[in-house]
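# Structural description and commentary
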Protein chains: 2
Amino acid sequence: MTRKPLADVACSIARATDLFGDAWTALIMRDVLVGVTRFDDLAHDLGISRKVLAARLARLVDEGVLTRERYQDHPPREHYQATAKGEDLYPVLLGLMAWGDRWYGEPAGPPTRIWHTTCGRDTNAVAVCTHCGEPLTVHNSDQLPGPGGRVGPGTRVLGPLIASRAERRQSPGTAVADPDGQTAP
Amino acid sequence: MTRKPLADVACSIARATDLFGDAWTALIMRDVLVGVTRFDDLAHDLGISRKVLAARLARLVDEGVLTRERYQDHPPREHYQATAKGEDLYPVLLGLMAWGDRWYGEPAGPPTRIWHTTCGRDTNAVAVCTHCGEPLTVHNSDQLPGPGGRVGPGTRVLGPLIASRAERRQSPGTAVADPDGQTAP
DNA sequence: AAGGTGAGTTCCCTGAAGAAACTCGTCAGT
DNA sequence: ACTGACGAGTTTCTTCAGGGAACTCACCTT
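Procedures and definitions
Throughout this document, residue positions are counted from 1 along each chain, in the order its sequence is written. To read the labels, note that chains go from A and ligands from 1, taken in the order they are written. pLDDT decides what is reported in this predicted model: residues at 70 or higher carry local features, side-chain atom pairs at 80 or more are listed and counted, and totals for whole chains, interfaces and linings draw on all residues regardless. Nonpolar core, as used here: buried Ala, Val, Leu, Ile, Met, Phe, Trp, Tyr and Cys residues forming one set through C-beta atoms within 7 Å. Here the C-beta atoms are placed from the backbone, and a residue counts as buried if at least 20 other C-beta atoms lie within 10 Å of its own, exposed if 12 or fewer do, and partly exposed otherwise. Throughout, a pair of residues is in contact if the C-beta atoms placed from their backbones lie within 7 Å. UniProt positions are given in the numbering used here, feature names are shortened, and annotations may be inferred rather than shown by experiment. Elements are defined by DSSP. Helices are runs of H or I of four residues or more, strands are runs of E of two residues or more, and each kind is numbered from the N terminus. Gly falls in the polar group here, along with every residue not listed as nonpolar (Ala, Val, Leu, Ile, Met, Phe, Trp, Tyr, Cys, Pro) or charged (Asp, Glu, Lys, Arg). Note: two strands are recorded as paired if DSSP finds a minimum of 2 bridges between them. Superposition of the copies was done by least squares, using only C-alpha atoms of residues whose pLDDT is at least 70 in both.

### Concerning the nonpolar core
If you look at the biggest cluster of nonpolar residues, it comprises 88 residues, and the most contacted ones within it are A:Leu93, A:Leu96, B:Leu93 and B:Leu96. Among residues more than four places away in sequence, those in contact with A:Leu93 are A:Ala26, A:Met29, A:Arg30 and B:Ile13.

### Describing the UniProt feature "domain: HTH hxlR-type" (unreviewed entry) in chain A
The feature "domain: HTH hxlR-type" (unreviewed entry), as given by UniProt, occupies residues 11-108 of chain A in the numbering adopted here. For residues 11-108 of chain A, the helix share is 62%, the strand share is 13%, and the end-to-end C-alpha distance is 39 Å.

### What to know about the interface of chain B and chain A
Each side of the interface is counted separately: chain B has 99 residues, and chain A has 97 residues. Looking at the side of chain B that touches chain A element by element, the count peaks at 14 residues for helix α6 (residues 90-104) of chain B. Classifying every residue of the side of chain B that touches chain A by side-chain character gives 50 nonpolar, 29 polar and 20 charged. Across five bridges, the pairing between strand β3 (residues 112-116) of chain A and strand β6 (residues 141-145) of chain B is antiparallel. Its bridge partner being in β6(B), A:His116 is matched across the sheet by B:Ser141.

### Concerning the relation of the copies chain B and chain A
Taken as rigid bodies, chain B and chain A are interconverted by a rotation of 180° and an axial shift of 0.0 Å, the fit giving an RMSD of 0.0 Å. The superposition of one copy onto the other is thereby described by a two-fold rotation axis. Both copies contact each other with a shared surface, as 97% of the interface residues of chain B are interface residues in chain A too.

Rendered as structure tokens:
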């Protein structure tokens with residue numbers, strides 16, 4: 001794929017996508033988080049090429065999303081565990097799952113249910129506003145340039161666009177710093 | 001990549017990933033949802049190969065996530081718009097963005113802020129339980145086999161695993177503490 | 001007529017994904 | 001001691017998708 005260096009794009013989605021935007025990574029994380037943690041189990045479960053699995057796991061360990069641990073010495077056996085950073089991907093997976101269920105749901109129902117132990121019911125994930133708890137949609141929210149924004153690959157067109165929107169909207173909370181709308185480095 | 005047919009895997013994450021688990025698709029959807037909707041703008045903004053962009057857009061239109069519309073006739077010009085199915089991916093993008101901000105955040109701050117128009121504040125997305133509104137984590141939720149579940153590629157190991165958990169848990173009304181201590185505080 | 005813009009196509013080249021076989025260390029059974 | 005199996009990768013070989021850049025085509029502007 002000649003991995004494009006998305007990591008340096010000034011967009012958190014791009015950085016997350018650089019890691020996560022690979023068909024296998026999401027599925028590997030699903031499996032690890034749910035409890036399939038050994039190499040062979042992952043290979044069999046996913047039907048992934050062992051070579052690619054080894055590469056993905058190495059990358060995920062490298063990124064601090066998984067750790068590789070020896071869980072028994074006698075026949076030396078390793079397994080992969082999610083770090084805090086890895087566990088934090090769980091909500092993203094729930095979002096993907098919810099979307100898949102909604103738009104590709106089979107008549108029989110979803111293949112997997114999520115059981116919320118705290119409230120004791122089957123549940124689904126909704127992405128809501130941290131402040132008021134209202135579900136966030138394209139229609140009730142706006143992207144505005146943040147303090148760490150800069151123009152570069154990945155935001156050449158988008159950057160100026162949201163900057164001009166911010167201007168039109170005038171001071172939303174704290175006004176935008178840069179007058180030229182291109183938050184400089 | 002020799003696109004593996006993930007679509008028939010009995011897992012909604014796999015189905016969503018089949019579409020979304022491509023480095024470019026997430027970024028294209030971000031751009032389209034935020035307002036970059038024309039071919040050339042997308043190509044310039046993302047720095048994506050035009051060939052690949054054409055292929056991705058065709059696929060997204062095919063999947064019913066985007067529509068291609070002529071917005072002016074004189075010089076014939078088209079643009080891409082998100083359908084309801086496409087807009088529904090927005091929460092997933094917010095999840096990715098939140099994760100990227102949390103774990104790859106620059107000292108300067110996030111490159112983009114999300115302005116919630118309803119409550120009038122900068123916000124972040126949290127994935128919460130539809131019933132009680134508590135944030136969902138690996139520790140307070142469990143995957144259980146759903147009505148549409150079946151064993152196949154992508155669930156050869158995982159399927160039996162969650163099935164056995166469901167058995168151990170017995171009637172899911174009684175909160176059972178996992179013997180292996182997986183369920184954390 | 002010359003140049004520009006939007007929206008793609010076509011071309012070639014490299015390198016990542018897939019498949020399957022191979023390695024290496026350690027048990028378990030006979 | 002010999003054979004087989006398992007876990008965890010590594011190696012080899014082939015093929016096909018991605019990157020890059022040039023090319024097309026229709027229309028507009030000067």
